[in-house]
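A closer look at the structure
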Amino acid sequence: MKHFFRVLLFIAIAALCSGCGSQNGPGSAAGGQGGGGQKDGGKTGQNVRTAETTWQYVDTAMGTVIQQTLYAPDEETARDFSLQAMELLWGLERERLSWRLDTSEVYRANATSGSGEGFLLSRDLAELLESGMELSERSQGAFDMTLGSVTRLWNIDEWAAESNPEGFQIPSRETLAQALSACGYEKLRLEWEERDEGEREEGRGEEEQEENEREKCRIFLPEGMQLDLGAVGKGLGMSELTSLLEGQSSITGAVISLGGSILTYGSKPDGSSWRVGITDPFDKSSNIGILSLEGQWCISTSGDYERYVEVDGVRYHHILDPRTGAPAVSQVRGVTVLLKDGLLSDGLSTACFILGPQEGMALAAEYGAESLFILSNGEIVMSEGMERLFSETR
Ligand code: ADP
Ligand code: MG
């Protein structure tokens, strides 16, 4: 069955025009949450040569489908890079982001909740959490990475895996209130301290030791608090993939899609723009429009139409309002954010979904991001800069 699914994906991507990134909604799973990335045992996905210098690869990581379109002089170069990219994403899930795998920092940090000792973070995770905390403040708490106990209560991961309302249970008011009382970014503490001379961190390689040399960051989670980096994991993925691309010159252009997040990089040999489709939340099989982009961009979408359960006509989706612990009631069906920085674009689209078009667009602008909101009445609202890049096709 899985093989069948992957062959279908292969056919679907082969049918796309060469170099087109097609955005398939806000992703089918939360980045950094699922244990799915490793289940393929590090095998590469299928590939097809679509033009003289274009190669495409499909695989899974971070609980979602990863599609790579690469421009390279030869297949070996493209295949090598695609493997490195997958290794990087699997590694991020295994070592940093997963709340299920006991090898990851998030898992181990969560295990220290309430202990008072805290947990020593790697530099990249510390920086991700720091920028996430800033986003929480700037969004007045709409964005919150400490909702783990509540997201688990809703069993959001199961919806991604099964899309199956059977067995779905609405948490009782009491359990929700109790889980929610352990959440709240303002109760999370990150402390930077000077590293003692010669001090080493257990389980870290030489290179990482050097990177973390001067300072270390310890995280303190109060009793019951659990991190959930589902809204930012793919952002970290995009940011690290950008560094990987920048570190070599043989890949001259790339479009890499991680569920609802897409990275464009470099250029096409014919110099034409990247064309990224934005899914129509009212009809997921089509696009409402196309973004035409030059060079490097990170495009993140959050919406209520990809991961949800419908019970008695009520749609329960996976973006929660930290004030209630329930799926956010928003006039937005989908929001797309465009930014050079992947780390921020992922979290920003989640925050914008909750805040709605006015506050969301203002927040995006603070970060220098363009934004496009599709409202529940079908209206499209977008920033000025976005108007120059977007053409409606519906
Ligand atoms: P996706 O991961 O499907 O692309 P998002 O990036 O919008 O979608 O992230 C949604 C995920 O983030 C949820 O599955 C959950 O793990 C987590 N989450 C839910 N609500 C919030 C919130 N208010 N702030 C931060 N993270 C959230
Ligand atoms: Mg997000």
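Refer to the structure above for everything that follows.
The shown structure was predicted, so the numbers you read here are calculated from the model rather than taken from an experiment.

Re the coordination of the magnesium ion (ligand 2)
The magnesium ion (ligand 2) binds to the protein through Ala-231 (O), Asp-346 (O), Asp-346 (OD) and Thr-350 (OG1), with metal-donor distances spanning 2.3 to 2.7 Å. Coordination of the magnesium ion (ligand 2) draws on donor residues from a single chain, spaced A-x114-D-x3-T in sequence. Of the two residues, Ala-231 sits in the loop between strand E7 (215-220) and helix H9 (233-246) while Asp-346 sits in helix H10 (residues 342-355), which places them 115 residues apart along the sequence. When its relative accessible area of 5% is taken as the criterion, Asp-346 is described as buried.

Side note on the sheet that holds strand E6 (residues 189-194)
The 3 strands lie next to each other as E5-E7-E6, forming an open sheet whose pairing is antiparallel. Each edge of the sheet is formed by a strand with only one pairing partner; in this case those strands are strand E5 (119-121) and E6. Sheet twist, expressed as the average angle between the axes of neighbouring strands with direction ignored, equals 35°. Bridge count for E6 against E7 is 6 bridges, and the pairing is antiparallel.

Brief notes about the environment of Ile-299
Structurally, Ile-299 is set in strand E12 (residues 297-303). For Ile-299 and Ser-261, which are 38 residues apart along the polypeptide, the C-alpha to C-alpha distance reads 5.6 Å.

Focus on helix H4 (residues 123-138)
For H4, which comprises 16 residues, the first-to-last C-alpha distance of 23 Å matches the rise-based estimate of 22 Å (1.5 Å per residue) to within 8%. Burial in H4 covers these residues: Asp-124, Leu-125, Ala-126, Leu-128, Leu-129, Ser-131, Gly-132, Met-133, Leu-135 and Ser-136. Two residues or fewer past H4, Gln-140 is found with a positive phi of approximately 50°.

Some remarks on the packing of H9 against H10
Where H9 meets H10, the closest approach of the two axes is 6 Å, and the angle between their N-to-C directions is 160°. By the angle class used here, H9 and H10 are roughly antiparallel. The two elements H9 and H10 meet at a crossing, and its hand is right-handed. Between H9, through Gly-233, Lys-234, Gly-235, Leu-236, Met-238 and Ser-239, and H10, the contact on the second element is made entirely by Gly-342, Leu-343, Ser-345 and Asp-346.

Thresholds, definitions, all that
Residues numbered from 1 in each chain as written. Chains lettered and ligands numbered in written order. Predicted model: local features only at pLDDT ≥ 70, side-chain atom pairs only at ≥ 80, totals over all residues. Heavy atoms only, no water. Donors = N, O, S within 2.8 Å, 3.2 Å for Na, K, Ca; no water. Helix = DSSP H or I, 4+ residues; strand = E, 2+ residues; numbered from the N terminus. Buried < 20%, exposed > 50% of the residue type's maximum accessible area, 1.4 Å probe, protein only. Pairing = 2+ DSSP bridges. Axes fitted to C-alpha atoms, helices over the stretch in contact; angles between N-to-C directions. Expected span 1.5 Å × (residues − 1). Parallel < 35°, antiparallel > 145°, perpendicular 65-115°, else oblique. Left-handed = near helix turned anticlockwise from the far one by under 90°. Contact = heavy atoms within 4.5 Å.

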